[in-house]
Each structure stands twice: as C-alpha cells, then as structure tokens.
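# Observations on the model geometry
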Amino acid sequence: QVDFVEQFDEKLLVKQEQENLQIADVCTGKRIEVAGTKDMNPSAFIFLYENHLFLTFRERQVEVWNFKGELVVSFEDHLLWRADGCNTNNIYITTDQKLLVSYCKQEGSEQASINISSILSGKCHAKLVESE
C-alpha cells in the first residue's frame, strides 16, 4: 500500500505503508532510504523551491527536510492549531522562504497565537497572542 508519492523537480518521494521513505532522483536513478520514517505519514507537504527543502505537516508539528533525507529543522514553541495539521490555509511562507507564519495553539491552554518563525533555524522570532 502506498502512503504517498510526491514530486519536487527531479526528486520523487515515495512512502509505502510500514516502509521507510524513499527519495529517488528520476534523472540518475539514485535512491536514498530515510531511516526511522516507517511511521512517517504527513498530512501535507510544502516544497520550498528557493531552498531545495520541503516542509511536512503531521499531528500539529511542522518539520523541514532536505532531499538527502535529513531532518533539517524542528520548530520551537510551535504547535499548530488544528490537530490534523493539514490545513495549510493557516500557514503563510514569505516570498523569500525565510519565515513561516502560522496559526498555533499555546501549549497547555486553548489560547491561540500567530507565530512567526525562521524556516532555516526553527526559532520563533515573534508571537502574537490573542487577548482574552
């Protein structure tokens, strides 16, 4: 059973149920198996063409990966509002692909915030919290 197939330029991401993610280069035929990804099943992807990276959205978490199969960034203080993590309407990426603006849930509370974070470092630069 195939969990997902995604293409980004010459890279093809293939994930089968209970198998590790495979990243194949369709031009060269070279394939990379990403260890520890048997349970990885993101609900959404966003490809960052400028940086040759991709974002995955899974269970309120956002992660940044490269095409060598390496996890590049996990965001600090960043819990997406929606539990399914797939509503990319609540996500904005700046044109230069340096910042991620997203609608988040405050840990341990029902209060929301808009977090502005660096895509390359995962650091939260600003947080707008709704007033009660």
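Please read all numbers here as calculations on a predicted model, not as lab measurements.

With respect to the element layout, Val2 can be found in strand S1 (residues 2–8). With 17 residues separating them in the primary sequence, Val2 and Glu19 have C-alpha atoms 9.5 Å apart. When near neighbours in sequence (up to four residues on either side) are disregarded, Val2 contacts Lys15 and Gln16.

Here the focus is the nonpolar core. One finds Leu55, Phe57, Val62, Val64, Phe75, Ile93 and Leu100 to be the most contacted residues of the largest nonpolar core, which totals 14 residues. Elements supplying a minimum of two residues to this core: strand S5 (44–48), strand S6 (53–58), strand S7 (61–66) and strand S9 (91–93). For this core, the element with the highest residue contribution is S6, accounting for three residues. In this view, Val62 contacts Leu55, Thr56, Phe57, Val73, Ser74, Phe75, His78, Leu80 and Leu100; residues no more than four positions away in its chain are not counted.

The next subject is empty space enclosed by the protein. According to the stated counting rule, one finds two cavities of 30 Å³ or more in the structure shown. In this structure, the second largest cavity is lined by Asp77, His78, Leu79, Cys104, Lys105, Gln106, Glu107 and Asn115. Here the residues of the lining of the second largest cavity are counted per class, giving two nonpolar, three polar and three charged.

When their charged atoms lie close together, side chains carrying opposite charge are able to pair. For the structure on display, the rule yields three salt bridges. As a salt-bridge pair, Lys11 and Asp25 come within 3.2 Å of each other at their nearest N and O atoms. With Lys11 in strand S2 (residues 11–16) and Asp25 in strand S3 (residues 21–25), this pair connects stretches of sequence that are 14 residues apart. Its relative accessible area of 19% is what places Lys11 among the buried residues.

Let us now look at unusual backbone geometry. Of note, Asp9 is a non-glycine position whose phi angle comes to about 50°, a positive value. Note that Asp9 resides in the loop between S1 and S2. Take Asp9: its relative accessible area is 42%, and that puts it in the partly exposed class. A positive phi angle, near 70°, is found at Arg60, a position not held by glycine. With respect to the helices and strands, the residue Arg60 is situated in the loop between S6 and S7. Given the relative accessible area of 23%, Arg60 is considered partly exposed.

Taken together, four strands build an open sheet; the order of strands is S1-S2-S3-S4 and the sheet is antiparallel. Each end of this open sheet is capped by a strand with a single partner; those strands are S1 and strand S4 (31–34). When the angles between neighbouring strand axes are averaged without regard to direction, this sheet yields 15°.

Criteria and thresholds
- Residues numbered from 1 in each chain as written.
- Predicted model: local features only at pLDDT ≥ 70, side-chain atom pairs only at ≥ 80, totals over all residues.
- Heavy atoms only, no water.
- Helix = DSSP H or I, 4+ residues; strand = E, 2+ residues; numbered from the N terminus.
- Contact = heavy atoms within 4.5 Å.
- Core = buried A, V, L, I, M, F, W, Y, C linked by side-chain atoms within 4.5 Å.
- Buried < 20%, exposed > 50% of the residue type's maximum accessible area, 1.4 Å probe, protein only.
- 1 Å grid on protein atoms, 1.4 Å probe; cavity = no way out; pocket = protein on both sides within 12 Å on 5 of 7 lines; lining within 4 Å.
- Points joined across faces, edges and corners; volume = space filled by probe spheres on them.
- Nonpolar A, V, L, I, M, F, W, Y, C, P; charged D, E, K, R; others polar.
- Salt bridge = Lys/Arg side-chain N within 4 Å of Asp/Glu carboxyl O.
- Pairing = 2+ DSSP bridges.
- Axes fitted to C-alpha atoms, helices over the stretch in contact; angles between N-to-C directions.

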